Structures are given as structure tokens and as C-alpha cells.
Amino acid sequence: MTEDKITGTLVFTVFTAALGSFQFGYDIGVINAPQEVIISHYEYVLGIPLNDRKAINNYTINSTKELPTVPYLGDSIPTPLVEEETTASASLVTMLWSFSVSSFAVGGMIASFFGGWLGDRLGRIKAMLVANILSLVGALLMGFSKLGPSHILIISGRSISGLYCGLISGLVPMYLGEIAPTTLRGALGTLHQLAIVTGILISQIVGLNFILGNHEQWHILLGLSAVRAIIQSLLLFFCPESPRYLYIKLDEEVKAKKSLKRLRGGTDVTKDINEMRKEKEEASSEQKVSIIQLFTNSSYRQPILVALMLHVAQQFSGINGIFYYSTSIFQRAGISQPVYATIGVGAINMVFTALSVFLVEKAGRRSLFLIGMSGMFVCAIFMSVGLILLDKLAWMSYVSMVAIFLFVSFFEIGPGPIPWFMVAEFFSQGPRPAALAIAAFSNWTCNFIVALCFQYIANFCGPYVFFLFAGVVLAFTLFTFFKVPETKGKSFEEIAAEFRKKSSLAQAPKAAVEMEFLGATETV
């Protein structure tokens, strides 16, 4: 078998699609750096007097230009009534900030259900173009938020950006999985996660106070994604439609061959067409698969449960907790500018995701996932030990720091990128859109739950919180070892047969009959 070659068209197409994933990461990280600046602006817009503002967040304006202040004509002597008003103002600002952050995840949860449906309805390219309208509207609302009621415009803009990212979290992995040659499917699949972490890192860098994260330019920082939306929309016109979509969904064999030849560089595409023909025959024998059927039909139940568990493992591994704790640990370690150390974590995040692009086809998906989870388990224990002994042994802060960097590294080797494209590999054309939609929804929901609950869990458990995550990671590691099949270099039928084999070990030969519904009757 000849090695699948990487063509200019394939590189251009993957880069263009990954711009959507980059936006996903940028929107995740962009709100964090200018937090105090935006809160300060909320207080100004809401007409909270400067004295009360200082009482609320004890924030000193670092910029040379101060925000215009509302004159305060009241008595300067604090009274119970003034204190009550200050507390009420603080609660209002906290609530508005909380909405500004979490509205993004709510938008993502809603839209994640429609990514696969939109891709099937319009085609992958047109679906990404339509999604960019949402990205542009969200970016413009946030970009002009300084000129109006900023809290309303930012919450609205973040919600609409969340809708865009919810669609993209299903569309991009699906498109990348369908245009990639079999031998490069894993490597190209990890580019979705690489683009996300690159977006997070860039948002952290441009959000620094001396770049865009200041009182004069924070609205530009939030609205900058409009530029990416316009650039990607223009580039998408030059990208070939998914050959799988053209052949299997639209029955356009000539167009599918033309698209394949553009992607493969004019080489013989008979092998790809034969694989798609086989998949189409299976898809035609399959009924239309709904999300409900993924769980009620025994043929799909095990693959969808495994897919969901991979996404739950990714979010519940404690990675968000790491980013929450990292700044305070870096501060206690005596680093004067912990924001740069946090950017360092983001850079390591990106480097190891890039490394996984090369490793995923060498070591295999399952192996990397297991290595990543095992490493995270050890790091989580060291982190908790470091945090517990921090007051007794000063050098323990460095143990915690090293554990943070290693934890992030192990996360990006396996649990970070792999769940996104493994779901696309588990399912043939029929059930794939529904499977990607429910997987993306579970990822967003877990993300929202972690964002909502982590603060309370951290307050309750204190430095012991990472022992809890270590236990969760260990449980998911064991689940992966016993239940997740290797998908490296295998066709969809072979992967279905792997599930049949694993299922038969637990359920006896009955499972083999059930899996015939998937058309996976060949001997592997």
C-alpha cells in the first residue's frame, strides 16, 4: 500500500477548517485576561460611584487614562444603608460577570445538537459559512460593547459566539475526518484540538495589559474574532466539499471523485471510492439514526457510551481546575508576574498537542489516551501532596509547579485531542452526525458543570481537591483499558467489528448478530 501523500489542497483545506477551532479556543480564553478591566467598566456603566467600586473589587487602575467617573454627591461617611447598597452592587456585578463567562457555555450546549444536522442539510462547507454569520454577529456585539450597555452587549455576544462554537465543535471534526486519508485521519483529527489550544494561547498573549487587555482597547480584544470570521469565509469558497458527503449523502459520484482528486493531488482515488461505496451500501441498509436510537438500539449502544465516556473523562479529569489553581500556585512560588507563568502553561499545552499530531499515528489512539490518563493520575497526586505540604516545606510549591506542567503535557498527549475525532471514527455515515452531536453536547454540558461546581468543590476540599480528580482519572483509565478499542489505521467496518469483539467478551455471541445491523460482517 502506498503512503497517502499530503497535498497543497489538503493542507489549505485543513488550515481553513481549523480556523473555526482556533476561534473556539480564542473565545474560551479571551474573557479571562481583561476580567478586572471589564468589571471596572461594568461598574462605570451601572453608575456605581468610584468609592464603592474600590470597595467592591479593590482594583487600582493601572492605565494612564482613568475611566470617566460619575460624580458622587452623597455623604462620605459610611452608613449601614451605603454598606447595604455597596453589597448589592457587588452582588449585581458578580452576577453579570458570571453571566458574561457562562453564557458562552450555554450557547455551546444548545448549538452542539445542530452541528451534524446543519452539516447534513447544507453540506460541510456551507454549514461552516452559515456558522460564521453567528461568529461575526457575536464579535460585532462585543466589539461595540464599549459604546452602549456593555454588560448586555457582552452577554449577548458571548451567547451568540457560544452558538457558533457549539456548531463548530461538531462540524470541524466531522469535516476533517471525512477529507483525511485513512493513514492521516488521526493526525489531522488532532489538529482540531491543536487549533483550540493555539486560540487559547493567542487570546492570553493579546489579552496582556500592554497589548489589548487595557481600558482603552479591551473591546477590540473581544471583537477581534470578526477578522477571523471574514478571512475563513473567504477561504472556504476555495475548499472542496467533503467527498463522503457528496458520494454518500447526495449520490454525486462524479463530484466526489473531483473533490477527492483535488485533495489527493490527482492520484488514483479508486481505493477511496471503493471504501465509500461499501460504506454507502451499509448506510442505505441502515435506517435514519436519531439520537434516541443511538441508546435504544443495541448495535450502537456500546460505541456511543464509550464515545460519551471519553468526552466526560476529558472534562472531569481536572484540567480546568489546573488552570484555576495555576496562578495562585505560581504566586506562592514567588513568581512576581504569574500571568506569564500561566501563558507558559498555555505554550506547553500547544507544544504537546502538536507532538500528539505526530504520535497519534505511531502509538495509536487508545495507547496515547491510556498514557495520558496514567500520567495525569500520578501528577494529580503530586499536586495535592505539594499543596498540602506547601506551608511546611517552601520547596513543595515547585513540586506543584512541575506537576502542573506535566499534568497539562499528559492531557494534551491523549485525553485532550483524541475524544473529538475518535467519535467520528466509531461510526459509519448513518449514525455519525447524531453521534457527533450528542458527544459535543456531553462535552459542553460537562464543561458547564465543571465551571459551575469547581469553585464550590475547591472550597470544600481545599488542597485535597486533586486527590478527588486522581480518583476520577483512575476510574476513566480503567474504563479505557477494558472498553475502548484501538482505531488506528482501521476502516469504519473494522472498528465496528472491534466493538463486536469487545461486546462478545461480555455478552456472548448474541452481540455478533446485533452488530450485523452496522454491516460489519467481514472477518477482521
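Just above sits the structure.
Note that this is a predicted model, so its numbers are computed, not measured.

A. Region of the structure containing the packing of aromatic side chains. Summed over all chains, the structure comprises nine aromatic pairs. Centroid distance phenylalanine 24 to tryptophan 444: 5.1 Å. Interplanar angle 10 degrees. Geometry classified as stacked. In this pair, phenylalanine 24 is assigned in helix H1 (residues 8-29) and tryptophan 444 in helix H21 (residues 432-461), connecting sequence segments 420 residues apart. Of the two residues examined, phenylalanine 24 and tryptophan 444, each falls in the buried class. A network of ring pairs unites the aromatic residues Phe24, Phe104, Trp420 and Trp444 as a single cluster. The side chain of lysine 280 reaches across the aromatic face of tyrosine 247, ending 5.3 Å from its centre.

B. View of the packing of helix H5 (residues 115-122) against helix H7 (residues 150-179). Contact pair H5 / H7: the axes reach a minimum separation of 7 Å and the direction vectors enclose 55 degrees. As far as their axial angle goes, H7 and H5 are oblique. Counted together, Gly115, Gly116, Leu118 and Gly119 of H5 and Leu167, Leu171 and Met174 of H7 form the full contact between these two elements. Here the contact of H5 with H7 is composed, by residue class, of four nonpolar, three polar and no charged.

C. Up close: the pattern of salt bridges. Tallying each qualifying case throughout the model produces 13 salt bridges. Linking aspartate 251 and lysine 280 is a salt bridge whose minimum nitrogen-to-oxygen distance equals 2.3 Å. Taken together, the residues aspartate 251 in the loop between helix H11 (243-249) and helix H12 (253-264) and lysine 280 in helix H13 (residues 270-285) connect sequence positions 29 residues apart. Exposure remark for aspartate 251: the relative accessible area of 52% places this residue in the exposed category. Notably, a salt bridge pairs lysine 257 with glutamate 253, separated by 3.5 Å at the nearest N-O pair. Here lysine 257 pairs with glutamate 253, and both are found in helix H12, just four residues apart, close to one helical turn. Since its relative accessible area comes to 28%, glutamate 253 is described here as partly exposed. In this structure, a network of salt bridges that share partners links the residues Asp120, Arg124, Glu178, Arg244, Lys249, Glu275, Glu279 and Arg432.

Conventions used here
Residues numbered from 1 in each chain as written. Predicted model: local features only at pLDDT ≥ 70, side-chain atom pairs only at ≥ 80, totals over all residues. Heavy atoms only, no water. Phe/Tyr/Trp six-rings, centres within 6.5 Å; stacked < 30°, edge-to-face > 60°. Helix = DSSP H or I, 4+ residues; strand = E, 2+ residues; numbered from the N terminus. Buried < 20%, exposed > 50% of the residue type's maximum accessible area, 1.4 Å probe, protein only. Lys NZ or Arg CZ within 6 Å of the ring centre and 35° of its normal. Axes fitted to C-alpha atoms, helices over the stretch in contact; angles between N-to-C directions. Parallel < 35°, antiparallel > 145°, perpendicular 65-115°, else oblique. Contact = heavy atoms within 4.5 Å. Nonpolar A, V, L, I, M, F, W, Y, C, P; charged D, E, K, R; others polar. Salt bridge = Lys/Arg side-chain N within 4 Å of Asp/Glu carboxyl O.

Interpretation note: all reported values are geometric properties and have no functional meaning in isolation.
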